[in-house]
Amino acid sequence: HMINGVGIRAAHNLIHHAPHSAILLGGNDHLIEYNEIHHVCLETDDCGAFYTGRDPSHRGNRILFNFWHHIGHEGARHGIAAVYIDDGSGGYQVFGNIFYRVQYPVNKNWGACFVHGGHGNVFENNLFIECMRALGAAPWNDER
């Protein structure tokens, strides 16, 4: 599912059993809340159930009160996250989510939530249960 534009709300959805990401996001001021997302990213790698990246102007997006569980697969060689904010993107709020059995941070930097650079990403009051690592990050310098 691709969300792109400004101010879109995705709420009370059940997204499950997908080979790749459940939600791809671009744009500003979106709200992702009260969704259940499970058994996704089943055949890919270097991905997230929620994925955004490559545009630092996409800001003000909120990911609130979702239930993420059973994300990823054992064959991953790089890493899989529930929430993946990639390539210098920033200004995201991730609050009040439950992450259960989000696995396979093969790379030492990965976690159930992974940020690859960016500024102003805030993770607060989330619950991580049986995840190998809660939060992960990798540097992304200002030149990139």
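Structure's up top.
Visitor: What exactly am I supposed to notice about the overall build of the protein chain here?
Guide: Check the secondary structure of the protein chain and you find zero helices and 16 strands. Summarising its shape, the C-alpha atoms of the protein chain cover approximately 35 × 35 × 25 Å along the three principal directions. For the protein chain, the residues scored as buried account for 49% of the 144 residues in total. Of the contacts formed within the protein chain by residues at least 6 apart in sequence, a portion of 69% connects residues at least 24 apart. Carbon and sulfur atoms make up 51% of the accessible area of the protein chain, which amounts to about 7000 Å² in all. Distance from the positive charge centre (9 side chains) to the negative charge centre (14 side chains) of the protein chain: 3 Å.

Visitor: Looking at this model, I keep getting lost on the sheet that holds strand 15 (residues 127–129). Mind explaining?
Guide: Sheets are built from strands paired through backbone hydrogen bonds, the pairs being either parallel or antiparallel. Reading across the sheet, the five strands line up as 3-6-9-12-15 and stay open at both edges, with parallel pairing between neighbours. Each end of this open sheet is capped by a strand with a single partner; those strands are strand 3 (14–16) and strand 15. If you compare each strand with its neighbour and ignore which way they point, the axes differ by 10° on average.

Criteria and cut-off values
- Residues numbered from 1 in each chain as written.
- Predicted model: local features only at pLDDT ≥ 70, side-chain atom pairs only at ≥ 80, totals over all residues.
- Heavy atoms only, no water.
- Helix = DSSP H or I, 4+ residues; strand = E, 2+ residues; numbered from the N terminus.
- Buried < 20%, exposed > 50% of the residue type's maximum accessible area, 1.4 Å probe, protein only.
- Contact = heavy atoms within 4.5 Å.
- Areas by Shrake-Rupley, 256 points an atom, 1.4 Å probe, with all protein chains shown as cover.
- Lys, Arg positive; Asp, Glu negative; His and termini not counted.
- Charge placed at Lys NZ, Arg CZ, Asp CG, Glu CD.
- Pairing = 2+ DSSP bridges.
- Axes fitted to C-alpha atoms, helices over the stretch in contact; angles between N-to-C directions.

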